[in-house]
Amino acid sequence: MNIFADFIDRVMKAVESLDLRAKDGGALDFSRITVEPPRDSSHGDLATNAAMVLSKAAGENPRALGERLAKVLAEDPDVAEATVAGPGFVNLRLGNAFWHARLGEMLELAGDYGRSTIGAGHKVNVEYVSANPTGPMHVGHCRGAVVGDALANLLAFAGYDVTREYYINDAGVQIDVLGRSVLLRYREALGEDIGTIPEGLYPGDYLKPVGQALVDEFGTKLLEMPETDALAIAKDRAVDAMMAMIRDDLAALNVHHDVFFSERSLHAGNGGAIRSAINDLTMKGHVYKGKLPPPKGQLPEDWEDREQTLFRSTQVGDDIDRPLIKSDGSFTYFAADVAYMKDKYARGFEHLIYVLGADHGGYVKRLEALARAISDGKLKLTVLLCQLVRLFRGGEPVRMSKRAGEFITLRDVIDEVGRDPVRFMMLYRKPDAPLDFDFAKVTEQSKDNPVFYVQYASARCHSVFRQAKEQLGVESFDRATMRAALHRLEDEGELALIRKLAEFPRLIESAAQAMEPHRIAFYLYDLASQFHQQWNRGTESDSLRFVKVNDQELTHARLGLVQAVCDVVGSGLALVGADAPVEMR
RNA sequence: GGUCCCGUAGCUCAGUAGGAUAGAGCAUCAGAUUCCUAAUCUGAGGGUCGCAGGUUCGAAUCCUGCCGGGAUCACCA
């Protein structure tokens, strides 16, 4: 249960009972009424702004209105105290029994606690990674992969019907280059001395096995057939090999996709799918033949005014019209995108989310324009731009040159730092901010890494249970017994921990709606912090220890609290995509 | 030049759909281990929320204009 949503209903009812009338006789606007946790917990458990929001229209002093509202709300059996504070906030303090009941629900729901139906089964497509299949994934892909994956996890947990999708850019010039690079490695595998790799081809060693595989499969046959045929085969095998490599890398990062969509498939059959998509746009009047105005500012040296087939995207919100067919009659990359988005729309998605790197910022408007044109405004489209990751080692920037084949691969980073720290670090920042990733900090000073802090909370929960079993000489503890004892939780720190746990459902819903998975990471850190605090209070005051051998009921109650922390930390870490360890050594 | 993002403590960053006295971590200083894992905890100092206007009961948050930093601009993929 999202207690904040629950109390909005109760506040609304209370407000209605006041029988307020707008001064001008119209209806009062209740939509701005909120119920939130107060920033300062000393103010209470919940705060509502209802009196301040309504006072003006109702022509009543906000504090006076607040007093009336507080009086009604105080009659709610769950409300221990309702007071007016500041400019007219109504602060509610809830009774311990209310919190005990919430904790009981958490224990009942276990791993499903926090799961929401707010997504109502809406079909959402999250496209992320979509790295070009021309080589292994490098660190630059890492952030989008983690953010996209965590977002998909979050949306699914919030009740959306999520499809995780990867667009394989297996067409175009770069794939020709890949094919030619592989053919060179093929000749090398046949014993030919190829010397240095020519400029413009991919020099990486990772293509050697692909060349060898071609030898294993075809022997010298590729040399004997026309080059275009050989190239086609080389491209085909190379893309498959690269994608296999990329899938392995993604799996190492705990990233999985439901659909791998091939760009090449859109070009199949003489570009039938693309042709048809452009035709659709043409029927709707979004396509014309014409010339683009030259770019503003500095004119490119090779600028030439040419007639092309253009998408009139300016009519649907873009800054400039976009070419679909080049002057030589071939399709632009964007033309394939038109067909691709049409396909997604036809598959019934209501919302398309693209997780892209900041270098794709210029692409956002044309995608939005395209969505409008394709669906007549019905399709919702969101682009999540992740700012770039800058790599450091001991404060020094790490240089990479893709041309020289020297780059840090995703696998390198995972091997050096570990999967969980990588995932957590990528989420421990909102995506709009650039991220400095320092190997030295994430590995050497691992104790400063927030992921260990959170995982330690999980390990500590399990440790408490291990200790409890030993001290009480019990095999296991069951949730029903814990639930029956919860009324014994009276310590302020324990209640504060329950309140923190009670925020989890609201967090999930708001993070999902805002599409901000990083909020989970920050929440987990807060929760872990509060749990570590409570644990340490037991070292200062013996009466606050979780395990009390001479009071089994109290022990069960506190273990219930520990269990709930364990559940929520576990759920949260699962959304982040990291493990919740049972112990840390 | 156009578009997008960012600017909050010495450093790295949060700030929950406009809320109350702006918060963490690191670093600095002072403390806690006969004790369920010290990978932890307690306390202290540290702020013109880039600048200037505007919107309103109320702005770090929304709007406008500046200043500073980054990304991007194509018949590329």
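Just so we're clear, the structure is a prediction, and the values are computed from it rather than from any experiment. (Residues numbered from 1 in each chain as written. Chains lettered and ligands numbered in written order. Predicted model: local features only at pLDDT ≥ 70, side-chain atom pairs only at ≥ 80, totals over all residues. Heavy atoms only, no water.)

Engineer: How should the domain arrangement of chain A be read in this particular structure?
Structural biologist: For an interface, size is often stated in terms of accessible area lost upon the parts coming together. Here the domain parsing of chain A yields domain 1 (3–94), domain 2 (173–252) and domain 3 (450–576). Put simply, the middle of domain 1 and the middle of domain 3, counted by C-alpha atoms, are 31 Å apart. Around 450 Å² of area is buried between domain 1 and domain 3 when both sides are counted, 58% of it from carbon and sulfur atoms. In this assembly, domain 1 and domain 3 are joined by two salt bridges. The residue Asp45 makes a salt bridge to Arg499 at a minimum N-O spacing of 2.7 Å. Secondary-structure elements contributing two or more residues to the side of domain 1 that touches domain 3 are α1 (3–17) and β1 (35–36). (Domains from an automatic or database assignment. Buried area = accessible area lost by both parts, 1.4 Å probe. Salt bridge = Lys/Arg side-chain N within 4 Å of Asp/Glu carboxyl O. Helix = DSSP H or I, 4+ residues; strand = E, 2+ residues; numbered from the N terminus.)

Engineer: Please clarify how the UniProt feature "domain: DALR anticodon binding" (unreviewed entry) in chain A should be interpreted in this entry.
Structural biologist: UniProt annotation of "domain: DALR anticodon binding" (unreviewed entry) refers to residues 454–584 when read in the numbering used here. Annotated as 73% helix and 0% strand, the span residues 454–584 places its first and last C-alpha atoms 11 Å apart. (UniProt positions renumbered as here; feature names shortened; annotations may be inferred.)

Engineer: Hey, could you run me through the sheet that holds strand β3 (residues 79–85) in this one?
Structural biologist: Each strand in a sheet pairs with another by means of backbone hydrogen bonds, the pair being arranged parallel or else antiparallel. The strand order across the open sheet built from four strands is β1-β2-β4-β3, with neighbouring strands paired in antiparallel fashion. With one partner strand each, in any of the chains shown, β1 and β3 form the two edges of the open sheet. Of the strand pairs in this sheet, β1 and strand β2 (residues 46–48) are connected by two bridges, and their pairing is antiparallel. Residue Val35 lies in a different strand from β2, and its bridge partner there is Thr48. Helix α3 (residues 62–73) contacts β3 and β4 (89–94) of the sheet and is inclined by roughly 180 degrees relative to β3. (Pairing = 2+ DSSP bridges. Contact = heavy atoms within 4.5 Å. Axes fitted to C-alpha atoms, helices over the stretch in contact; angles between N-to-C directions.)

Engineer: Would you explain the confidence of the model for chain A in this entry?
Structural biologist: A low pLDDT score tells you not to read the predicted coordinates there in detail. Confidence in the prediction of chain A, expressed as mean pLDDT, is 90, and 95% of residues score 70 or more. Put simply, helix α15 (residues 439–443) is where chain A has its lowest mean pLDDT, 73, and strand β5 (residues 123–127) is where it has its highest, 97. As a predicted assembly, this complex carries a pTM of 0.94 together with an ipTM value of 0.94. (pLDDT = per-residue confidence, 0-100.)

Engineer: Got a minute to help me understand the nonpolar core in this structure?
Structural biologist: Leu92, Val126, Leu155, Leu253, Phe424 and Phe437 are the most contacted members of the largest nonpolar core, which totals 147 residues. The greatest single-element share of this core, amounting to 12 residues, is contributed by helix α21 (residues 552–576). Of all hydrophobic cores here, the second largest spans 35 residues; its members include Tyr340, Leu356, Val364 and Ala371. (Core = buried A, V, L, I, M, F, W, Y, C linked by side-chain atoms within 4.5 Å. Buried < 20%, exposed > 50% of the residue type's maximum accessible area, 1.4 Å probe, protein only.)

Engineer: Looking at this model, I keep getting lost on the sheet that holds strand β10 (residues 322–325). Mind explaining?
Structural biologist: As summarised here, the arrangement of the three strands in space is β8-β9-β10, forming an open sheet in which the pairing is antiparallel. Either end of the sheet is taken by a strand with one partner, and the two such strands are β8 (287–290) and β10. Going across the sheet, the axis of each strand differs from the next one's by a mean of 45 degrees, ignoring polarity. Pairing between strand β9 (residues 308–311) and β10: three bridges, direction antiparallel. Counted as the bridge partner of Leu310 is Pro323 from β10. Packed onto the sheet, helix α10 (residues 263–283) meets β8, β9 and β10 and runs at close to 95 degrees relative to β8.

Engineer: For this particular structure, what's the right way to read the pattern of salt bridges?
Structural biologist: When charged atoms on two side chains of opposite charge get close, those side chains can pair. In the structure shown here, the tally under the stated rule is 43 salt bridges. With its nearest N and O atoms 2.9 Å apart, the salt bridge here joins Arg423 to Asp149. Of the two residues, Arg423 sits in helix α14 (residues 419–427) while Asp149 sits in helix α5 (residues 142–157), which places them 274 residues apart along the sequence. As far as the burial class goes, Arg423 and Asp149 line up, both buried.

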